[in-house]
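Observations on chain architecture
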Amino acid sequence: MKKSIKHISIAICLSTFMLPMFAQYETHEADKKKAQYIFLEAIAKNTENDASASFDLLQAAHSLDPENPTIGFYYGMSILSADEVEKEEMDTALSLMKRNTLLRPDDFYENYIYAILCSSISDYDETIRVVETLLKKYPDRIQMYPVLAKSYASKNEFGKAVAVIDSLEKTEGRSTSTTIMKIGYLLNMNDTTAIIATGKQYLSDAPKSVEPNTLMGNVYAQLGMPDSAFVYYDKALAIDPDYGYANLQKANLYYSTGDSTNYEKEITSVLLNKNIEVGTKVDILTDYIRTHIQQNDSSDRVDNMFATILEQHSHEAQIHRLYCDYLTYRGKYDAAAEQLSYTVDIDPSDPKDWERLMWLYTFSEKPEKAIETGSKALSYDPEHITYYQIIGAAYYNMGDYDKSIEYYDTLLEKNKTLMLVNEADIYSALAESYNQKGDIAATLRNYEISLEIEPDNPLTLNNYAYSLCISYSENADSLAKAEKMSKRSIDIEPENSSSLDTYAWIMFLKRDYKTALEYIEKAMENADSERNNAELLEHYGDILFMLGRPDEALEQWKKALEENPDSELLKKKVDHKTYFYE
C-alpha cells in the first residue's frame, strides 16, 4: 500500500463522534494509555489535513491496543483511504470495521459509515444486517431507509424494498422521492395495479400541484399508455403553463411514438422556457443534437434551434461552446470558430477554449487568425505554454519559419520546468521549420535530438528519413540510414501513406524500381482522398516512367498537376511526356 494517503472526511467523524468511547474501556495498562494518547494525536493530524501522519499514528495505536474496536475501526478506514489498496488490505480493513459494529452495535455514526461502505462495494447482505440493527434503535433516522431499500432491490427482493419505503412514509409521509422509488420497485415486480395506485395516492395529496400530475403522466408513459400520460401532462401545464418539465416529458413521449412534429414543438417550448436553467437547456440541446446525428439528419433543424435559443441566451458561453461542438462535427470550421470566439469573449478564463479556437483557425487555413487569437490568449495567461506551440505551428503554416522557430525555442525553454509538452515533438517541429529554411544541419540536428528522446515516433522517423533522402540523395550512407528509419516507421504504422511514399522514394533513388512500385501502390491505396496528394501522384508517375510505362506515368503527372498547378517541374513532365531530374 502506498504511503500517500488521500484525506477523507474521517476527521469530522473522529473529532465529533469518537471521544466518548474512552469511557467504555479500562485503560490502566500502559499500552492502552499510550494507544489512547496516540489516537488523540491522529485526530489532531486529521484536523490539520495531514492524512499521512494520521495513518501512521492510527497504525501505531492499533498495534499497541489491537483489541480496541474503535481504534481498529478508524485504522480500517484509514487503510481504505490509501491511493491503492490491495485485496488483502481491504479484507483486513473491513474485518476491523465489522468487529467494531459487532461489539458496539448501538453507535449510529460508525455503523452507518460502515453500512454505506458495504453498500458501495456491493456487500448488500452486510449492509442490510447493519442498517436493520440500527433502525431498531434509531427508527427516526430517515437517511437509513433508502439505503436499506436499495440494498434489498439490489438483491432483487423488491417486495421488501417496497415495505421499507412504506415504513419510511409512515414516519415522514409521502414525497416525490419515496413515490418514485416505490414505483421503480413495483415496475420490477410488474405490478401495474399497484403502480397506478401508488401514483394516484401521491396525486391525491396535492391534486392541484404540477409535480404529482407530471409524475402520474410519467407512470402512464412508463406503462405504455401514452394517451393517459398526455392527459396528466396537460393537466400539469394547465395548472402552470411555464412548467417546462411537463413539456420535456411530452417531447420525450412524442419522440418515442415517432411524432417528430410535436416532438420539435415541445422541445422548442422547453428551450424557450425562461424558468428552465441554462445548464438544463444545454443538456437537452446535447440530447437533441445526438438524436439528429443518429438519424443522419442533414437538415437545418439543429442550426435553427440554436438560432432560436441564442436569441434568448446570446451571452451564455456554454451554449456558444455547444454550438461550436456541433459545427465542428459537421466540418464547418469557420462557423465553429465564430461561435467559440463568442465564448472566449464572454468567458476568457478557460485555456482549452483558446487552444481549440486557435486550432479551428488553423484547420480553416487562417493561420493569421490563430496567431492573433494566441497573442490575445497570452495576454490573459503568458505562462500557458501550449499557446506557444500552436502559434509556432501557425507561423509555420504562414511560411514565416523564423517566427515559428522563435516560438518553438520559447516553448522549449518554458517547457523545461513544466514538461507539459512532449519535448520530442518540439524538436521535431523545430527540425521541420529549419528544413523549410534550407538549414539542413539544424534540421538533422533537431531530428536527432527528437529521436533520442522518442526513438519510435513514426512521424519523426518518416520526416527525418525523407529529409535525408532529399538532401543527400547521392550519399549511400545517408540513403541507408534513411531506409532504416523509413522501414521502422512503416513497421509502426503499416498503413500510413506518407511513410509508404517515403520508402518508395528511397527505393526509387536506389534504382530499385520494382520495390518502389510495390510501396507507392500501397501508399496510393491508403491515401486520404480529401488531402492534396500531388507529391504522391508525382512520385507514382516517376516510378512508372522508370519501369517503362510512360503513358501511365503521364496520367499520374496530369493528376498531380491538377492538385499542384504551380509546379514548373510537373508542367515540364506533362508537356514533354518524360521524366526530368530535379
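Above this text sits the structure in question.
Below is a short write-up of the structure. Only a predicted model underlies this, so the values are computations on that prediction, with no experimental measurement involved.

What follows deals with the pattern of salt bridges. Under the definition given, this model contains 37 salt bridges. A salt bridge links Asp107 to Arg104; the nearest nitrogen and oxygen atoms lie 3.5 Å apart. By relative accessible area, which is 15% here, Asp107 ends up buried. A residue is classified by how much of its surface remains accessible, and Arg104, at 8% relative accessible area, is buried. Linking Arg301 and Asp297 is a salt bridge whose minimum nitrogen-to-oxygen distance equals 2.9 Å.

Non-glycine residue Asn49 carries a positive phi angle of around 65°. Assignment of secondary structure puts Asn49 in the loop between helix 2 (30-47) and helix 3 (51-64). Classification of Asn49 as exposed rests on a relative accessible area of 55%. The backbone of Asn190 shows a phi angle near 55°, a positive value even though the residue is not glycine.

Once that is clear, we can look at the environment of Met358. Positionally, Met358 belongs in helix 20 (residues 351-363). Met358 gets classed as buried once you look at its relative accessible area, which sits at 0%. With near-sequence residues (within four places) excluded, Met358 lies in contact with Ala370, Thr373, Gly374, Tyr387, Ile390 and Ile391.

A word on the side chain of Ser428. Within the secondary structure layout, Ser428 lies in helix 24 (residues 423-437). Taking relative accessible area as the criterion, Ser428 reaches 4% and is therefore assigned buried. For Ser428, the contacting residues outside a window of four places in its chain are Tyr447, Ser450 and Thr460.

Quick look at the packing of helix 15 (residues 260-271) against helix 16 (residues 278-294) now. Running from N to C, helix 15 and helix 16 point in directions that differ by 155°, and their axes come no closer than 10 Å. Relative to helix 16, the element helix 15 is oriented roughly antiparallel. The element helix 15 and its partner helix 16 pack so that their crossing is left-handed. Across the interface between the two elements, Tyr263, Glu264, Ile267, Val270 and Leu271 from helix 15 touch Lys281, Ile284, Leu285, Tyr288, Thr291 and His292 from helix 16.

With that settled, consider the side chain of Ser433. With respect to the helices and strands, Ser433 occurs in helix 24. On the accessibility criterion, Ser433 (0% relative accessible area) is buried. Beyond its immediate stretch of four places on either side in the chain, Ser433 contacts Tyr396, Tyr401, Ser404, Ile405 and Tyr408.

Turning to the packing of helix 12 (residues 210-222) against helix 13 (residues 226-239), a few remarks are in order. Contact geometry for helix 12 and helix 13: axes closest at 7 Å, N-to-C directions at 165°. Taken as axis vectors, helix 12 and helix 13 run roughly antiparallel relative to one another. As helix 12 packs across helix 13, the resulting crossing turns out to be left-handed. Facing Val210, Asn213, Thr214, Met216, Gly217, Asn218, Tyr220 and Ala221 of helix 12, the residues of helix 13 in contact are Ser228, Ala229, Tyr232, Tyr233, Lys235, Ala236 and Ile239.

Counted residue by residue, helix 8 (residues 144-154) has eight buried out of eleven residues, so it is predominantly covered. Of all the positions in helix 8, only Met144, Tyr145, Val147, Leu148, Ala149, Ser151, Tyr152 and Ala153 are classed as buried. Where helix 8 is buried, its residues contact helix 6 (108-120), helix 7 (124-137), helix 9 (158-172) and helix 10 (176-188). Asn156 lies just past helix 8 and shows a positive phi near 65°.

With that settled, the discussion passes to helix 24. With 15 residues, helix 24 ought to run about 21 Å at 1.5 Å a step, and its terminal C-alpha atoms sit 21 Å apart, in line with that. Regarding helix 24, the residues found buried are Glu423, Ala424, Ile426, Tyr427, Ser428, Ala429, Leu430, Ala431, Ser433 and Tyr434. Phi turns positive one or two residues past the end of helix 24, at Gly438, with a value near 85°.

Basis of the calculations
Residues numbered from 1 in each chain as written. Predicted model: local features only at pLDDT ≥ 70, side-chain atom pairs only at ≥ 80, totals over all residues. Heavy atoms only, no water. Salt bridge = Lys/Arg side-chain N within 4 Å of Asp/Glu carboxyl O. Buried < 20%, exposed > 50% of the residue type's maximum accessible area, 1.4 Å probe, protein only. Helix = DSSP H or I, 4+ residues; strand = E, 2+ residues; numbered from the N terminus. Contact = heavy atoms within 4.5 Å. Axes fitted to C-alpha atoms, helices over the stretch in contact; angles between N-to-C directions. Parallel < 35°, antiparallel > 145°, perpendicular 65-115°, else oblique. Left-handed = near helix turned anticlockwise from the far one by under 90°. Expected span 1.5 Å × (residues − 1).

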